[in-house]
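Chains, contacts and geometry: an overview
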Amino acid sequence: MKKVNALKISLIAVVFGLLTGFLIIAVTNRNPYNLVVALVRSMAGFNLLKPDKPINVLYILNWFLETMPIILTGLSVAFAFRTGLFNIGGEGQYMLGCTAAAYVALFVKAPFPLHPILCILAGLIAGGIWGFIPGILKAFKNIHEVVVCIMLNYIAWYLTSWFVRAYLPINPNTGSSSINFPESAIIPTLNFGTSSQFNYGIIVVVIALVIFHVVIEKTTFGYSLRATGLNFEAARYAGMKTKFNICSSMFISGAFSGIAGAVTILGVYHYGRTFQGFDGYGFDGISVALVGASNGIGILFSGLLFGLLKTTSNNLQLFNIPKEVGELIQGAIIFVVAAQYIIIYLEEKLSKKKGEFK
Amino acid sequence: MSYAIEMLNITKVFPGIKANDNITLRVKENSIHALLGENGAGKSTLMSILFGLYQPTSGVIKVNGKEVSITDPNVANDLGIGMVHQHFKLIESFTVTENIILGLEPKGKFGTLDIKSAAKKVKEISELYGLEVDPYAKIDSISVGMQQRVEILKMLYRNNNILIFDEPTAVLTPQEIQDLMKIMKNLIKEGKTILLITHKLKEIKEVADECTVIRKGVGIATIDVSKTNEKEMAEMMVGRAVNFNIDKNECDPKDVVLSIKNLFVKNFKGLNAVKDFSLDVRAGEIVGLAGIDGNGQSELVYALTGMTKIESGNVYLKGEDITKYSIIDRFKKGMSHIPEDRHKHGLVLDFELRENFVLHSYNNKEFSSTGFIKYDKVNSYAEKLISEFDVRSGKGKDSLTRSMSGGNQQKAIIAREISEAKELLIIVQPTRGLDVGAIEYIHSRILKERDNGKAILLVSLELDEIMGLSDRIAVIHNGEISGLVYRKNTDENEIGLMMSGSLHKVGGEINEKG
Ligand SMILES: Nc1ncnc2c1ncn2[C@@H]1O[C@H](COP(=O)(O)OP(=O)(O)OP(=O)(O)O)[C@@H](O)[C@H]1O
Ligand SMILES: [Mg+2]
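Residues numbered from 1 in each chain as written. Chains lettered and ligands numbered in written order. Predicted model: local features only at pLDDT ≥ 70, side-chain atom pairs only at ≥ 80, totals over all residues. Heavy atoms only, no water.

Some remarks on the pairing of strand β22 (residues 480–486) of chain B
Residue and element names in this part refer to chain B. Threshold: Residue exposure (1.4 Å probe, protein chains only): buried if accessible area is under 20% of the type maximum, exposed if over 50%, otherwise partly exposed. Here a helix means four or more residues in a row that DSSP labels H or I, a strand means two or more in a row labelled E, and each is numbered from the N terminus. DSSP-based pairing: two strands are paired if at least 2 bridges between them are found. When the strands point away from the viewer, a crossover counts as right-handed if the path from the first strand over the helix to the second runs clockwise.
Here β22 lies mainly inside the structure; six of its seven residues are buried. Relative to β22, strand β21 (residues 472–477) is paired through six bridges, and the arrangement is antiparallel. Looking at the pairing, arginine 472 lines up with tyrosine 486 of β22. Between β21 and the antiparallel strand that follows it, β22, lie two residues; asparagine 478 among them carries a positive phi value of about 55 degrees. At this point the chain moves from β22, through helix α17 (residues 492–499), to the parallel strand β23 (residues 505–506), and the crossover so formed is left-handed.

Below is the structure:
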């Protein structure tokens, strides 16, 4: 069931999601074809209604820009999933990552490539610690990580707002964000002459994907983390350090979200933020991990998919479609993936001929 | 006489294997029909098809002469078919009655749950069949044997007439097995029909009317049990002669490897489960630990292997005090452990088989370098163990462990632990759920390990196994050692008396003449 079906289910989910989108548009007396137009436009900048105009790189870059943080938070959630944990604290870890990176950007002096690297490391550690806390409580006090994570999301929100105001130099024009980072700390854009904010942070995303894959699938460490997640008692019987493993898993999981925060703030905002609410990337990570079946390659593709749906949402209004339709499609996809057992069940029913695992 | 069940030309294909290959099974009404076959022969699969858990690839099922399509367990239930799985499906924090009525809760006035009338009915059924179950007891406070009776009650409460038992005796103590046999006979008296999967030929001989033998997915024959014997059935199922006697030469014990001194261990309730327990096991000998279930065996083993804290006393391995060592350090010192509960401790069911073979040793030089697992080494190791121990599954080393048959899961654990044992092997219930052919092989392997100079502590509820394999026998009663004797100086009677605590005889100390 594991690999083959996961792919099948994700594809069924995507098709179902898009059909839902078409249906909603059709029943509200709009032209469903416009959704296709919007999707193609967001993907490649190519306007199907004006076929003479060329491809516009700006759109492609913005699509990729949108996928960067959600691949990272997707890895964050997936890492926890694979080791039997549910990290719903991505939002908080992301905020901590943002703020720690901002602090290092403003207060540590370093030359260019080193400076953003230091900032990202700071984000990694801050996010990691924010994941580590529910990890410890789970390992030693058997408190469910979901409860702690949700509380920590709110604590992170207020903590970072206070910290930015109290310790970072505030920009007098905004009053609620810090002054701009020095040039040496900023991740430069990679926009091929367009106005996109797509940036070299993509390198970090790629490295994170590779590390995730290697650690989970190839290393002894990943093996013992997975064993602990799949059968805690068997891992204990085998002599693994089960408590340490739970804490490490949550630290690493949090670190991925922290990196997402650092990369976003260094590549897009260029200043320390006080948050008005959750950016939503942490929650998007849950969708990305679910649809991507919690493996590296799957997350790459589901990240691209959700990135596309997010940018499409922004473009939909141009085609007289409410932008909520994009969210609706995302919702429908998650619904199917979450209800995958229904699909497995139906499949068993329909294809009596085939043998499947339970 | 008419047939209650007819399964005609049933075939079931799983990826990589034909679990059932054109099997035909006819079960006479109001009889006990046994299914016999090697581990992985396809018995559980066939019964899962009858219970609606799997759909057959091809074939026809008739219930009471009528062709039916059993698409899920609810359909099976409506047809009067019930099943007791090897691993019970009960909710621990619920009472007996609450578990039984799950899914068909009786409504009282104003839609409230009418537990009282349900409990009354449970009590009536329980008395009718001699089950002696307390309707208000909580599941987590009753024994495994009682839990099984709750599963039986569940079927009876639903008026099921055709009852499937998948290896019901594998988890029971000898006394509980006797009780279950009686219960089955009572069920037949009341007009039920029973399908029984078991590896114990004695049980088939005792209760079954007919027996269908399956080999590698193929139905070999259906025989009249009264006209055959255990030897014949075993041969029919394995396809060769099986040796029931354990051929064993004299042991040649060397230095003491495991030494337990005045051990006290508490159970999860905080009571002393092991009291002042002392025992030595030498290299090259098998010490059997006999006892009635629940007399402290599990706690003793957990304490020896580091899974539970030791209250007081000491454990030495080759003279080194390992009382405070972690599980992994004990393993590194040469201790191996075949655990009692294979699903809880022995395996990660969602791992591939090959990954389960290196559960302790994934971090050793042999299977890893600089933190990376050497999957090529793991693969060849897995293949070696699979062929050596004849572990059967659909896709070999790549099979998902969860999809393997119960007996083959057990063989995988034994293969891993025996291969890794360096000094001491602690073996608990090794042959639970194994077929007679596999038992013969595993017993010979245990003896080989002994002859290779390993110290072996064998914990088993099966007296035959203890008597057959051990060189010395220790008996535990109420957490204390009530007997220690040389195998050749004792018999089942004496061991039985020591198990019940009516005889105390610690004579088999190693400095004494055997
Ligand atoms: N869900 C499944 N997916 C894939 N293969 C399966 C599945 N269930 C069973 N098998 C395979 O089918 C074969 C028959 O398994 P089954 O459980 O029926 O054996 P069994 O006769 O009950 O053996 P045992 O005595 O060990 O319990 C085994 O080789 C097993 O690996
Ligand atoms: Mg079976």
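What about the pattern of salt bridges?
Put simply, the test is: For salt bridges, the criterion is a side-chain nitrogen of Lys or Arg within 4 Å of an Asp or Glu carboxyl oxygen.
Counted under the stated rule, the structure contains 41 salt bridges over all chains. Of the charged contacts in the structure, one is a salt bridge between Glu145(A) and Lys138(A), with a shortest N-O distance of 3.1 Å. One network of salt bridges, in which partners are shared, links Lys248(B), Arg450(B), Asp451(B) and Asp471(B).

Notes on the interface of chain B and chain A
To be explicit about the condition: Here, residues are in contact when the closest pair of their heavy atoms is within 4.5 Å. We define buried area as the total accessible area lost by two parts upon association, computed with a 1.4 Å probe and summed across both. Any N or O atom pair separated by 3.5 Å or less is treated as a polar contact, with the protein-specific requirement of one donor-capable and one acceptor-capable atom, and with residues adjacent in sequence counted only for side-chain atom pairs.
Contacts between chain B and chain A engage 41 residues on the former and 30 residues on the latter. Of the roughly 3,100 Å² buried between chain B and chain A on both sides combined, carbon and sulfur atoms contribute 59%. Our count for the chain B to chain A interface comes out at one salt bridge. Here Arg226(A) makes a salt bridge to Glu355(B), at a shortest N to O gap of 3.2 Å. At the boundary of chain B and chain A, one finds 13 residue pairs in polar contact (both at pLDDT 80 or more). Secondary-structure elements contributing two or more residues to the side of chain B that touches chain A are β1 (3–14), α10 (327–332), α11 (342–346), β18 (372–373) and α14 (406–420) of chain B. Here the side of chain B that touches chain A gets four residues from one element, more than from any other, and that element is α11(B).

Notes on the sheet that holds β1(B)
Residues and elements named next belong to chain B. Our working definition: Note on geometry: axes are C-alpha line fits, over the in-contact stretch for helices, and angles between N-to-C directions span 0 to 180 degrees.
Read from one edge to the other, the open sheet built from four strands follows the order β2-β1-β4-β5, with strand pairing classed as antiparallel. Looking at the sheet topology across the chains shown, the edges are occupied by β2 (17–28) and β5 (66–68). Strand-to-strand twist of the sheet, defined as the mean angle between neighbouring strand axes without regard to direction, takes the value 25 degrees. Sheet analysis places β1 next to β2, joined by eight bridges and oriented antiparallel.

Side note on the domain arrangement of chain B
How big an interface is tends to be stated in terms of accessible area lost as the parts join. All names here are of chain B. Defined as follows: Throughout the structure description, domain borders are defined by an automatic or database domain assignment.
Taken domain by domain, chain B comprises domain 1 (3–238), domain 2 (253–334 + 423–514) and domain 3 (346–421). One C-alpha centre belongs to domain 1, the other to domain 2; they are set 34 Å apart. The interface of domain 1 with domain 2 comprises 15 residues on the first partner and eleven residues on the second. Buried surface at the junction of domain 1 and domain 2, both sides included, amounts to about 910 Å², of which 57% is carbon and sulfur. Viewed at the interface, domain 2 and domain 1 are joined by one salt bridge. Salt-bridge contacts for aspartate 464 lead to lysine 202; the nearest nitrogen and oxygen are separated by 3.5 Å. In this assembly, domain 1 and domain 2 are joined by five residue pairs in polar contact (both at pLDDT 80 or more).

Notes on the site of ligand 1
Rules: We call a residue near a molecule or strand whenever a single non-hydrogen atom of that residue lies within 4 Å of it. For the area figures, the Shrake-Rupley method with a 1.4 Å probe applies, and any residue is considered shielded solely by the protein chains shown. Throughout, the ten residues Ala, Val, Leu, Ile, Met, Phe, Trp, Tyr, Cys and Pro are labelled nonpolar, Asp, Glu, Lys and Arg are labelled charged, and all others, Gly among them, are labelled polar.
Around ligand 1 sit 23 residues in total, of which Gly40(B), Ser44(B), Thr45(B), Ser405(B) and Gly407(B) are the nearest. Chains contributing residues to the immediate surroundings of ligand 1 are chains A and B. Within the contact set of ligand 1, an oxygen atom lies 2.8 Å away from a backbone nitrogen or oxygen of Gly40(B). Here an oxygen atom of ligand 1 sits 2.9 Å away from a polar atom, N or O, in the side chain of His199(B). When isolated, ligand 1 has an accessible area of 640 Å², and the protein chains bury 95% of it. Elements that contribute at least two residues to the shell around ligand 1 include exactly β2, α1 (43–50) and α14 of chain B. Classifying every residue of the shell around ligand 1 by side-chain character gives seven nonpolar, 13 polar and three charged. Both domains that furnish three or more residues to the shell around ligand 1 are identified here as domain 1 (3–238) and domain 3 (346–421) of chain B.

A word on the packing of aromatic side chains
Operational definition: Working definition: a ring pair exists when centres of Phe, Tyr or Trp rings (six-membered ring for Trp) sit within 6.5 Å. Plane angles under 30 degrees give stacked, over 60 give edge-to-face, the rest tilted. Any Lys NZ or Arg CZ found within 6 Å of a ring centre and within 35 degrees of that ring's normal is scored as a charge over the ring.
Per the stated rule, a full pass over the model turns up 25 aromatic pairs over all chains. Relative to Phe351(B), the ring of Tyr223(A) has its centre 5.3 Å away and its plane inclined at 35 degrees; by these criteria the two rings are tilted. With Tyr223(A) in helix α8 (residues 220–230) and Phe351(B) in the loop between α11 and α12 (353–357), the pair connects residues from two separate chains. Here Tyr223(A) matches Phe351(B) in class, with each residue buried. For Lys422(B), the ring lying beneath its charged end belongs to Phe331(B), and the centroid distance is 5.3 Å.

Here's the deal with the nonpolar core
Cut-off, in case you're wondering: Residues belong to a common nonpolar core when they are buried Ala, Val, Leu, Ile, Met, Phe, Trp, Tyr or Cys residues joined through side-chain atoms within 4.5 Å.
Residues Leu75(A), Ile120(A), Phe181(A), Phe212(A), Leu266(A), Phe306(A) and Ile333(A) are the most contacted members of the largest nonpolar core, which totals 90 residues. The element that contributes the greatest number of residues to this core is helix α3 (residues 57–82) of chain A, accounting for twelve residues. Apart from the residues within four sequence positions on either side, Leu266(A) is in contact with Ala105(A), Pro116(A), Cys119(A), Ile120(A), Phe181(A), Ala185(A), Ile186(A) and Ile187(A). Counting residues in hydrophobic clusters, the runner-up holds 50 residues, among them Val84(B), Ala137(B), Leu187(B) and Val213(B).

Quick look at helix α4 (residues 115–128) of chain B
Along an α-helix, residues three or four apart share an orientation, since each turn contains 3.6 residues. Residues and elements named next belong to chain B. Quick note on the threshold: Multiplying one less than the number of residues by 1.5 Å gives the expected span of a helix. Picture the helix axis, draw a direction to every C-beta atom, and the arc is the one those directions span.
Spanning 14 residues, α4 covers 20 Å between terminal C-alpha atoms, matching the ideal 20 Å at 1.5 Å per step. Buried residues of α4: Ala118, Ala119, Val122, Ile125 and Ser126, and no others. End-on view of α4: buried residues confined to an arc of 125 degrees, all on one side of the axis. Opposite its buried face, α4 presents the exposed residues Lys116, Lys120, Glu127 and Leu128, each directed more than 90 degrees away. Residues of α4 that are buried sit in contact with α3 (96–101) and α5 (144–157). At the exit of α4 stands glycine 130, carrying a positive phi of roughly 70 degrees.

Looking at the sheet that holds strand β14 (residues 312–317) of chain B
Residue and element names in this part refer to chain B. Spatially, β12-β11-β14-β15 is the arrangement adopted by the four strands of the open sheet, whose pairing is antiparallel. A strand with exactly one partner marks an edge of an open sheet, and here the two such strands are β12 (272–282) and β15 (320–321). Where strand β11 (residues 256–266) and β14 come together, five bridges link them in antiparallel fashion. Within the sheet, the bridge partner assigned to isoleucine 260 lies in β14 and is valine 315.

A few points about the layout of surface pockets
Under the convention used in this document: Here the term cavity refers to a set of points on a 1 Å grid, laid over the protein atoms alone, in which a 1.4 Å probe fits but cannot get out; the term pocket refers to an open set having protein on both sides within 12 Å along at least five of seven lines, with lining residues being those that place an atom within 4 Å of a point. Grid points are joined across faces, edges and corners, and a volume is the space filled by probe spheres set on the points.
Looking at the second largest pocket, its volume works out to about 1,900 Å³. Around the second largest pocket, the lining is made up of 49 residues, and of these Val144(B), Asp293(B), Ser298(B), Glu340(B) and Asp341(B) lie nearest the centre. At the level of secondary structure, the elements contributing two or more residues to the lining of the second largest pocket comprise α9 (232–237) of chain A together with α5, β12, α9 (297–305) and α11 of chain B. Considered class by class, the residues forming the lining of the second largest pocket number twelve nonpolar, 21 polar and 16 charged. Three or more residues apiece are contributed to the lining of the second largest pocket by two domains, here domain 1 (3–238) and domain 2 (253–334 + 423–514) of chain B.

Some thoughts on the confidence of the model for chain B
Convention followed: Confidence scores per residue from the predictor, reported as pLDDT, run from 0 to 100.
Overall, the predicted model of chain B reaches an average pLDDT of 90, with 97% of residues at or above 70. Quick note on the complex model: pTM equals 0.86, ipTM equals 0.85.

Things to note about the packing of α3(A) against helix α12 (residues 296–316) of chain A
All names here are of chain A. To be explicit about the condition: We call two directions roughly parallel when the angle between them is under 35 degrees, roughly antiparallel when it is over 145, roughly perpendicular when it lies between 65 and 115, and oblique otherwise. Handedness of a crossing follows from how the near helix is turned relative to the far one, being left-handed for an anticlockwise turn of less than a right angle and right-handed for a clockwise one.
At a minimum axis separation of 7 Å, α3 and α12 run at an interaxial angle of 130 degrees. Relative to α12, α3 is oriented oblique. The way α3 lies across α12 gives a crossing that is right-handed. Along its contact with α3, which presents Tyr59, Asn62, Trp63, Phe64, Glu66, Thr67, Ile70, Ile71, Gly74, Leu75 and Ala78, the element α12 presents Ile299, Leu300, Gly303, Leu304, Phe306, Gly307, Leu308, Lys310, Thr311 and Asn315. When its residues are assigned to classes, the contact of α3 with α12 shows twelve nonpolar, seven polar and two charged.

Here's the deal with helix α4 (residues 90–107) of chain A
Taking 1.5 Å of rise per residue, 18 residues should cover 26 Å, and α4(A) covers 26 Å from first to last C-alpha, within 8% of that figure. Most of α4(A) sits inside the fold, with 16 of its 18 residues counted as buried.

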